[in-house]
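# Chains, contacts and geometry: an overview
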Amino acid sequence: MTSAEEAPQAERAERHRRHIAKVFRWPAGAVENTWSLEAKHPHWQVGYTNGELPVGSEPGYFARLRRSPSGGYNPRLVAATPRGLHLEIVQEEARCEFKYWFGGSSDRAG
């Protein structure tokens, strides 16, 4: 994909996330927090739930791998705060020897 194609795709993704945030009443700053976490952890897709979906969930942030390694393992990590989710991702990557999945790791700095 060329950079000219990536720009409109990134703009659509941002508009889509902002629309989801409006529909599901994310708190102020949640969209920016999800973008920030994805920038730190590019192999993870990050979102927010206000507790309505999945039904019975607690409000907070969640992350899943963008593509799961062979074997279909794809954890769903959850935390109440962006910092908490960052730490969950770092711990999961260390526990599963993330470097062997994708040949590297995402940002481990705080």
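Quick caveat, the model's predicted, so the values are computed rather than measured.

Cut-offs and rules
- Residues numbered from 1 in each chain as written.
- Predicted model: local features only at pLDDT ≥ 70, side-chain atom pairs only at ≥ 80, totals over all residues.
- Heavy atoms only, no water.
- Buried < 20%, exposed > 50% of the residue type's maximum accessible area, 1.4 Å probe, protein only.
- Helix = DSSP H or I, 4+ residues; strand = E, 2+ residues; numbered from the N terminus.
- Pairing = 2+ DSSP bridges.
- Salt bridge = Lys/Arg side-chain N within 4 Å of Asp/Glu carboxyl O.

Our next topic: the pairing of strand β1 (residues 44-49). The buried count for β1 comes to five of six residues, which makes it a mostly enclosed element. For β1 and strand β2 (residues 60-65), the ladder comprises six bridges, and the chain directions are antiparallel. Across the sheet, Y48 pairs through a bridge with Y61, a residue of β2.

With that settled, the discussion passes to the pattern of salt bridges. The full count for this structure, using the stated rule, is five salt bridges. Across the pair R66 and E38 runs a salt bridge whose closest N-O atoms are separated by 3.1 Å. Taken together, the residues span a long stretch of sequence, with R66 in the loop between β2 and β3 (76-79) and E38 in helix α2 (residues 30-40) at a distance of 28 residues. Residue classification places E38 among the buried positions, given a relative accessible area of 8%. When the shortest N-O distance is used, the salt bridge between E92 and R95 registers 3.0 Å. A residue pair is termed a helical-turn pair when its members lie 3 or 4 positions apart in one helix, as E92 and R95 do in helix α3 (residues 82-95) at three residues. Its relative accessible area of 9% is what places E92 among the buried residues. Residue classification places R95 among the exposed positions, given a relative accessible area of 56%. One network of salt bridges, with partners in common, ties together E14, R18 and E32.

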